[in-house]
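If you want the building blocks of each chain, they are given just below.
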Amino acid sequence: MTKIGKISFHINLNNQTCNLKNYICKVNIFKIMRYYTLWIAFFFLTVSEYAFSQKLNLKCYQFPDTIPGKYIFDIKKGYDITSNALVEGYKKRDIKRFAEMESYGKQELFTSGYTYLAWDQLETYLNKVLNQTLPDSLKDNTCVHVYLVRDAEYNAFAIHDGSLFFNIGLFADVVNEAGLAIVLAHEFSHYINNDVKTSYLKGLKIYTKKNRNDNTSLLLKHAKYDRASESRADSLGFVLAENGGYDIFYGISNFMQFREIENFEKETQRKSHLVNMAKNDSTEKGNDSTISKSLEDLMSTHPDLSNRISFLNKYINSAKRRSGKQEFIIDKDEFSRFQELAKTEVLNILLTENKFKECIKRSFIYYLLNPDNENYIYYLLESIRRAVYVDSKLKNHGFLTDMFKKHDDKQGILHKLKLIIPDSVKFSKIKDINLIDTANIAFETYDEAFLYFQNIALKKNINECLLTIALYYSENDSLKSKYLKEYCSKDSIKFKDYANNLLNNSLYSSLSQNNREIILLDNISFIEDHFYGYHDRLILAEQKSPSYFNELRKMTSKYFPEKEIIELSELSLRSLRTKMEYEYAILSTTFINSNDGDTKSDVIYFDSDEKPGKLKEFDLFKLNPSYWKLFKNNKLKAISYLKVYSFDDKTKLMKSINVINPYFWYTIIYRFCDAINNGSDRYAHRVLYYSYDISSKKSNFYSETTRYKMSKAYFLNSIYYAIKTNEKIIK
Amino acid sequence: MKKIIILVLMLILTIKTHGQIGFLGKRNVISTDIFNTFFQKKYNLNYNFCIGKGLMLKAAYSLHRYSNTIFLTKENNYYTGNNEVADVSLRGHSWELGFDFGNFLQTNMPMPIGYFMGIAFEHFSGTLNENRTYNNLYAPPTEKKYIFNNKANIFKLIYGRNSYIKYNFIIKTSVDIGMYLGSVIENDPANSEECPLMVLPLSNPKVFRIKYNSNYDKMKKVTFYVMPNISLGYIF
């Protein structure tokens, strides 16, 4: 994900099928749903916190209350166009699957808040840059459009209809407008080459029932195809960017940046499971790096960065390059202004997504390069505070070095700043010289780092940092009240009410009158397993969900009258901002650790002593004061999130009606006993239920699979149990 | 019997119920067997009570009103035309106690819905009336009447599934594998010379003869049977 690519939601949807090793009854369904939890995360990880401080000049993005009309698409029309387009050599069925996924997936990108919907200026700017690289015949093509994505990762992707998506994380660190243009031209090339559709259709074979458990050769073949298409997109991208007048030499800067990330990931063990496995095997044989490296290269969907750089160098050297190529064509000042905003936005996203260490790392780097920006100091302090809050042991660990495989527990990153800023050009731009001096190390641990930046914040009078400092010292009453009083005495502060209540120890008592208990209801996923692969029935879900939800409303009004059902899809159209606030509140109560995923949080909330599924008691409002405001404004007592998956193994259909087969009758008693023990061997449905209750300060995560066909009654019963069980645990 | 009841009570008391019990919180089921009502004239009322997510207590009462006419041809002689016809009617009642088990831990479907396996004990007592008519082409028909008191203990193993239909109605489809054990047929002293016919409460309409000892006391025969069940129930 760190390289430029056509990586998009549908590609990911395919990847999930790798986990589906067997049919539903024999396999832990959690593995199957693991991908879908990524989808949930995908929906969640899209909310912004609001501007913390007016003094800080934080112009953070705010979601519009309603989705602007230009971001609402005609799904059926899009589906019809894509499904009717002939692709030679592929079955109509597969094209329809592709069309279904793309048309619904595209709309989801906007309604889920994954894409910026109210940052017109930056979106216009990106489109101007793209337009500059387009050939004249395509300049007025309305299909081709760049959208800005709320994701801190270094990535961009294209989808089948010419919509390009550019991550804010990449924009924040791209070297200049030329670098930006090269990425956009690369993605546009994927659209021109029809790579998205072809790659999807070619990849389907990998996940058929027959191949999914033994598909290494197919995966290698597909990865090879993907690498070829990436190389083609590179070539065309360079040509387009150069024709647009940009200096493609800066493409190398992009690649170098990706290499930095790649190296960082290697250093911090954030590798794929496959590579780690290979590494474990090869370690015994003594040729660790060679095998793991070669396997990683073979499985990679992108060409090796060294090859890409050498290819670009060759192209630069061989082509008769016209003179007058530029770094900036559209507007240099605008680029710089937007990039500065983007950096703050990236930190905001990381903090809100609870990726504290990444936030610490990036805000620290941004601070080193620009120590005058108060935003970076604020985010640095706040992310350290939150990281230490959820993992108190971190306090005495070496600052940022704990992310690396080989590190001294007590030694901070200041000893080896090159680990996080390997680029010597960037390193030379560090402005806070005190921190480069290895003879006189300013701080070693997270605690010392907090103290160091706390002093800077106090010197600079950054008001919002006072609350951060007060919360950091929450165990020390005198320090806490000292900083809180100081904070409350300021005029332009974001959390005045919160601070006052915290000072008076009335955070929870002030919410005692709250009586709303809301359940956020996500769309039902109908997943089918066919001989040709997995099929997420999005159209079916759209048709069936309303009747299921109506029944659910009736059930909750009867058994849980105090609970209020809110459909997320409906809420996103009515008030996207509220929806995002709710979703993020839920995410913060339940975020969990993952060693193999980039999209999940760094932090673990599970208490190993407790039963699985139960989370330890913690103070949500201490983690993030903005949630106190959310609960107060919306009079919330409890907030829950509900997601249901229905699974149907269609490949079992023939077995169940194969009455002419003597074996069917011979095994009928065995199969009946099996049904008593394991339920249906064809159907299953799963309920995920997250909840947080302020009265008990407990969050709970309920996840159960019922091995029966999801009829409405069984759907209701599963939810009934989820709510009841949750109530019991919370109480 | 007392020991059985004590054991049942002890079992109920020792069961720890975690979380909620029943389907949508509904733990009671009343049901009636449609299949046997139609084929056996066995009017049945079942009551089930969930005492755990995967455990259900069952109690049932049935009225047996079975009657049938059976041709029992003694001699297959075309010229004499000898045959014997028996009008059999069974009047009786039975009570039943048992447990149904579902695997909640695996399937996550709480009783009373879902696949289950059950054990049950049924005690039947009733009267068997036989009207036998002997026909012969060359003689007027002769009639004989027999009255037997019939008692039976039945142990059953049940495999089935309860499925929710709508509006709290459920349908139960199951197969009973029964062991008809230690049945007692007391002969009427007035007809002591004749062989009684036996009608199993849950048997198919064919009547078959049971061997018995010369003193007409306890039958030591064990009979196995398989009987389908289709019940309509209401949960509350």
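Not measured: the values here are computed from a predicted model. (Residues numbered from 1 in each chain as written. Chains lettered and ligands numbered in written order. Predicted model: local features only at pLDDT ≥ 70, side-chain atom pairs only at ≥ 80, totals over all residues.)

The next subject is the overall build of chain B. The helix and strand inventory of chain B stands at three helices and 10 strands. Reading the secondary structure of chain B in the N-to-C direction produces α-β-α-β-β-β-α-β-β-β-β-β-β. A buried classification covers 32% of the 236 residues belonging to chain B. Taking the intrachain contacts of chain B between residues at least 6 apart in sequence as the baseline, contacts between residues at least 24 apart amount to 65%. (Helix = DSSP H or I, 4+ residues; strand = E, 2+ residues; numbered from the N terminus. Buried ≥ 20, exposed ≤ 12 C-beta atoms within 10 Å, placed from the backbone. Contact = placed C-beta atoms within 7 Å.)

The secondary structure content of chain A amounts to 30 helices and 10 strands. Expressed as a percentage of its 731 residues, the buried residues of chain A come to 44%. Contacts in chain A between residues far apart in sequence, at least 24 positions, make up 71% of those at least 6 positions apart.

Let us look at the sheet that holds strand β1 (residues 145-149) of chain A. Sheets are built from strands paired through backbone hydrogen bonds, the pairs being either parallel or antiparallel. All names here are of chain A. Strand order across the open sheet formed by three strands is β1-β3-β2, with mixed pairing between neighbours. For this open sheet the edge positions go to β1 and β2 (156-158), each flanked by a neighbour on one side alone. If you compare each strand with its neighbour and ignore which way they point, the axes differ by 20 degrees on average. Running at roughly 135 degrees to β1, helix α5 (residues 120-133) makes contact with β1 and β3 (163-167) of the sheet. (Pairing = 2+ DSSP bridges. Axes fitted to C-alpha atoms, helices over the stretch in contact; angles between N-to-C directions.)

A separate point is the nonpolar core. All names here are of chain A. F166, I182, L184, I377 and L380 are the most contacted members of the largest nonpolar core, which totals 184 residues. Examining the composition of this core, we find that 10 residues originate from one element, helix α7 (residues 177-192), more than from any other. Not counting residues up to four positions away in its chain, the partners in contact with I182 are G237, F238, A241, Y246, I248, Y250, G251 and N254. (Core = buried A, V, L, I, M, F, W, Y, C linked by C-beta atoms within 7 Å.)

Right, let's talk about the packing of helix α16 (residues 374-390) of chain A against helix α19 (residues 463-472) of chain A for a bit. Residue and element names in this part refer to chain A. The interhelical angle for the contact between α16 and α19, taken along N-to-C directions, is 15 degrees, at an axis separation of 10 Å. Between α16 and α19, the angle is such that the two are roughly parallel. For the pair α16 and α19, the crossing hand works out as left-handed. Each of I377, Y378, L381, E382 and R385 in α16 lies in contact with α19, whose residues at this interface are E464, C465, T468, L471 and Y472. (Parallel < 35°, antiparallel > 145°, perpendicular 65-115°, else oblique. Left-handed = near helix turned anticlockwise from the far one by under 90°.)

The interface is formed by 21 residues belonging to chain A together with 16 residues belonging to chain B. Every element with two or more residues in the side of chain A that touches chain B is listed here: α29 (668-678), β10 (698-706) and α30 (712-730) of chain A. The greatest single-element share of the side of chain A that touches chain B, amounting to eight residues, is contributed by α30(A). A per-class count over the side of chain A that touches chain B returns nine nonpolar, eight polar and four charged. (Nonpolar A, V, L, I, M, F, W, Y, C, P; charged D, E, K, R; others polar.)

Residues and elements named next belong to chain A. The terminal C-alpha atoms of helix α10 (residues 250-267), which comprises 18 residues, lie 26 Å apart, in line with the 26 Å expected from a rise of 1.5 Å per residue. Of the positions making up α10, those classed as buried are Y250, G251, N254, F255 and F258. Buried residues of α10, seen end-on, are gathered within an arc of 165 degrees and therefore sit on one face of the element. Summarising the contacts, the buried residues of α10 are in contact with α7, α9 (216-243) and α13 (305-318). (Expected span 1.5 Å × (residues − 1). Arc of directions from axis to C-beta.)

With that settled, consider unusual backbone geometry. Residue and element names in this part refer to chain B. Note the cis peptide between M111 and P112, where omega equals 15 degrees. Mapped onto the elements of the fold, P112 is located in the loop between α3 (104-107) and β5 (114-136). Residue N108 is not a glycine yet carries a positive backbone phi of 65 degrees. Inspection of the secondary structure assignment puts N108 in the loop between α3 and β5.

Glancing now at the pairing of strand β5 (residues 525-530) of chain A. Residues and elements named next belong to chain A. Bridge count for β5 against strand β8 (residues 636-649) is five bridges, and the pairing is parallel. Of the residues in β8, the one forming a bridge with S525 is Y645. As paired elements, β5 and strand β6 (residues 533-536) share four bridges and run antiparallel to each other. Across the sheet, the residue bridging to I527 is D536, located in β6. In this structure, the hairpin formed by β5 and β6 is closed by a connection of two residues.

Now for helix α21 (residues 496-503) of chain A. All names here are of chain A. For α21, the complete set of buried residues consists of Y498, A499 and L502. Viewed along the axis of α21, the buried residues span an arc of 95 degrees, placing them on a single side of the element. On the buried face of α21, the contacting elements are α19, α20 (477-489) and α26 (625-633). Once α21 ends, the next one or two residues include N505, with phi positive near 55 degrees.

Okay, the confidence of the model for chain B next. Residue and element names in this part refer to chain B. Here chain B averages 75 in pLDDT, while 70% of its residues score no lower than 70. Ranking the elements of chain B by mean pLDDT puts strand β9 (residues 208-209) last, at 40, and strand β1 (residues 28-33) first, at 91. Low pLDDT, under 50, characterises residues 192-196; the predicted model gives this stretch nine contacts beyond four residues in sequence or across chains. Predicted confidence is poor over residues 199-219, with pLDDT under 50, and the contacts of this stretch with residues over four places away or in other chains come to 40 contacts. Interface confidence for the predicted complex, expressed as ipTM, amounts to 0.75; the pTM equals 0.78. (pLDDT = per-residue confidence, 0-100.)

Turning next to the packing of helix α15 (residues 356-369) of chain A against α16(A). All names here are of chain A. Between α15 and α16, whose axes approach to 8 Å, the crossing angle comes to 155 degrees. Judged by the inter-axis angle, α15 sits roughly antiparallel to α16. Here α15 and α16 pass one another in a crossing that is left-handed. On α16, the residues that touch F356, K357, C359, I360, S363, F364, Y366 and Y367 of α15 are Y376, I377, Y379, L380, S383, I384, R386 and A387. Classifying every residue of the contact of α15 with α16 gives 12 nonpolar, two polar and two charged.

With that settled, consider the environment of A442(A). Residue and element names in this part refer to chain A. By the secondary structure assignment, A442 is in the loop between α17 (424-428) and α18 (446-459). For A442, a count of 17 C-beta atoms within 10 Å gives the class partly exposed. Once the C-alpha coordinates of A442 and N634 are considered, the two residues, 192 residues apart in sequence, prove to be 44 Å apart. When residues no more than four places from it in sequence are discounted, the contact partners of A442 are L414, N434, L435 and Y452.

Let us now look at the confidence of the model for chain A. All names here are of chain A. Averaged over every residue, the pLDDT of chain A is 78; residues scoring 70 or more account for 81%. Put simply, helix α1 (residues 9-16) is where chain A has its lowest mean pLDDT, 33, and α18 is where it has its highest, 92. Taken as a whole, residues 1-58 scores under 50 in pLDDT and shows 132 contacts with residues more than four places along the chain or in a different chain. In the predicted structure, residues 592-614 sits below a pLDDT of 50 and forms 42 contacts with residues beyond four places in sequence or in another chain.

The next subject is the environment of K622(A). All names here are of chain A. Counting through the fold element by element, K622 comes out in helix α25 (residues 620-623). Residue classification places K622 among the partly exposed residues on the basis of 17 C-beta atoms within 10 Å. In the structure, K622 is positioned 176 residues away from Y446 in sequence and 19 Å away in space, judged by C-alpha atoms. Sequence-distant contacts of K622, defined by excluding residues within four places in its chain, comprise Y389, L471 and S474.

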